[in-house]
Amino acid sequence: MNRLLDIMFRGFIQKGNLHVTYSDGSQRSYRGKQPGESAGLRFYTPQAERALLFNPGLRFGEAYMDEGLGPEGCSLEQLMRVLMTNIEEHSLFSEEVSRRLRYAGRLLRPLNSLGRARTNVAHHYDLDRRLYRLFLDEDMQYSCGYFESDDVSLEEAQLAKKHHIAQKLKLDRPGLEVLDIGCGWGGMALTLARDYGARVLGVTLSVEQLEVARQRAREAGLEDQVTFELLDYRTLHRKFDRIVSVGMFEHVGLRDYATFFRRVHDLLRDDGVALIHSIGRMDGPGTTNPWIAKYIFPGGYSPALSETLAAVEQSGLWVADCEVLRLHYAKTLAHWRKRFEEHRAEIVQLYDERFVRMFEFYLLCSELAFRLQGHMNFQLQLTRSIEAVPLTRDYLLQAA
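Rules used throughout
Residues numbered from 1 in each chain as written. Predicted model: local features only at pLDDT ≥ 70, side-chain atom pairs only at ≥ 80, totals over all residues. Heavy atoms only, no water. Pairing = 2+ DSSP bridges. Helix = DSSP H or I, 4+ residues; strand = E, 2+ residues; numbered from the N terminus. Axes fitted to C-alpha atoms, helices over the stretch in contact; angles between N-to-C directions. Contact = heavy atoms within 4.5 Å. Parallel < 35°, antiparallel > 145°, perpendicular 65-115°, else oblique. Left-handed = near helix turned anticlockwise from the far one by under 90°. Nonpolar A, V, L, I, M, F, W, Y, C, P; charged D, E, K, R; others polar. Core = buried A, V, L, I, M, F, W, Y, C linked by side-chain atoms within 4.5 Å. Buried < 20%, exposed > 50% of the residue type's maximum accessible area, 1.4 Å probe, protein only. Phe/Tyr/Trp six-rings, centres within 6.5 Å; stacked < 30°, edge-to-face > 60°. Lys NZ or Arg CZ within 6 Å of the ring centre and 35° of its normal.

Draft legend 1. Quick peek at the sheet that holds strand β10 (residues 318-325). An order of β7-β6-β5-β8-β9-β11-β10 is seen for the seven strands of this open sheet, with the pairing classed as mixed. The outermost strands of the open sheet, each flanked by one partner alone, are β7 (226-230) and β10. Taken over all neighbouring pairs, the strand axes of this sheet differ in orientation by 15° on average, direction set aside. When strand β8 (residues 240-246) meets strand β9 (residues 268-281), the two strands line up parallel, connected through six bridges. Pairing of F240 across the sheet is with L268, part of β9. Contacting β8, β9, β10 and β11 (375-383), helix α8 (residues 154-169) runs over the sheet at an angle of about 145° to β9. On the sheet, helix α9 (residues 187-196) packs against β5 (177-181), β6 (199-204), β7 and β8 and is oriented at approximately 160° with respect to β7.

Draft legend 2. Molecular detail of the packing of helix α11 (residues 257-267) against helix α13 (residues 305-313). Between α11 and α13, whose axes approach to 8 Å, the crossing angle comes to 50°. Overall, the two elements α11 and α13 adopt an arrangement that is oblique. Crossing handedness for the pair α11 and α13: right-handed. Of the residues in α13, those touching α11 at Y257, A258 and F261 are E307, T308, A311 and V312. Grouping the constituent residues of the contact of α11 with α13 by class yields five nonpolar, one polar and one charged.

Draft legend 3. Spatial organisation of the nonpolar core. Among the nonpolar cores identified, the biggest contains 70 residues, and F9, F43, M80, Y132, Y142, W291 and F359 are the most heavily contacted of them. Top element by residues in this core is helix α16 (residues 353-372). It accounts for eleven residues. When near neighbours in sequence (up to four residues on either side) are disregarded, F9 contacts L18, V20, Y22, Y30, L41, F43 and L52. In terms of nonpolar packing, the next biggest core, distinct from the first, is built from 28 residues, L179, I181, I243 and A311 among them.

Draft legend 4. Examining the sheet that holds strand β1 (residues 15-21) more closely. The strand order across the open sheet built from four strands is β2-β1-β3-β4, with neighbouring strands paired in mixed fashion. One side of each edge strand has no neighbouring strand; the edge strands of this open sheet are β2 (27-31) and β4 (69-71). Neighbour to neighbour, the strand axes of the sheet diverge by 20° on average, direction disregarded. Across six bridges, β1 lies against strand β3 (residues 34-43) in parallel orientation.

Draft legend 5. Molecular detail of the packing of aromatic side chains. Taken as a whole, this structure holds 29 aromatic pairs when the rule is applied. For the pair Y132 and W185, a centre-to-centre distance of 4.8 Å together with 50° between the ring planes defines the contact as tilted. Highlighted residues: Y132 in helix α7 (residues 129-135) and W185 in the loop between β5 and α9, separated in sequence by 53 residues. The ring of Y64 has R357 sitting right over it, with the charged end atom 4.1 Å from the ring centre.

Draft legend 6. Summary view of the packing of helix α3 (residues 56-65) against α16. Across the interface, α3 lies against α16 with an axial gap of 8 Å and an inter-helix angle of 140°. The angle between α3 and α16 places the two elements in the oblique class. For the pair α3 and α16, the sense of crossing is right-handed. For the pair α3 and α16, the contacting residues are F60, G61, Y64 and M65 in the first and R354, R357, M358, E360 and F361 in the second. Of the residues assigned to the contact of α3 with α16, the class counts are five nonpolar, one polar and three charged.

The following block contains the structure:
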């Protein structure tokens, strides 16, 4: 038995139960003082045990990818529920030190330059498009759906999300010029053009997404209404009636928040409306998990509303509306995980087993972050003019 890990788990498990089998075959059960779920963890190598003693926020995921550890007698979800619940209750000393160092260094990180932004985007969004088609909805929406009830499908939730955002953009006449910052594979832009008569410029830093979006515009016969370009929003210098950005703000970088909202302000016409949809956190400023930062979203960070609104206040924009979506992304991720598992063998053929273990770990931990650790989504409706949108929200209900 690894004595240091034994001591660590004794102090760490405060809620529920964890049964651990060490790499030498020895076993130990850790019972928390509070009732909770039970799970089993098995170490297959002493290297995984040693790694977990230092920076477990990074090393646990790496050890799972490398098959140095895994669930025993339970699912990966059950194991991570126990571990992530206890992280909320009582952080490991080594992880707390790591977190505090990351937090102290947040403002020392370099600005999100054009080159760095492009590299970070390519890491995740330039993966093989076939991967995303296997677990996303038909429209390839890679952000949280809008679940108006528990029994709607993923396709229905994503369609509802797009129309919910369109209502907040107040697309009350055809021909409005819309900028879609971080347009993904083009689904939002195409919907705004097809269903609301908008003329849309979608910008992305992903070559893979750009190719798919342009192909979709051609196939939909919307090339005269929708244009997609490989551009950074900071390089644009024209005015738009509306601006929408879904799932991009998480990649802006803390030191560039003020720049982002100033650019939104400058790119909007005087009577314009913008809608920013982002992952956020309910418990104030924090840090990005080091495993997520290294393997999934380099440069990514889910902001607190306090950080976001402080930057908006410097921009000259009105916050005309703010909505917090709590469990919508958890439900979305549950759908993605199910579809990913259904196509697991195909994805192994596209990449390899280690990649698949990495991606399933990412999808699961992301879902549990929304269920257990205070992550949520927020939508900010922003305007330059105090009179750009009606005085009450009734128009949103009428549009619905």
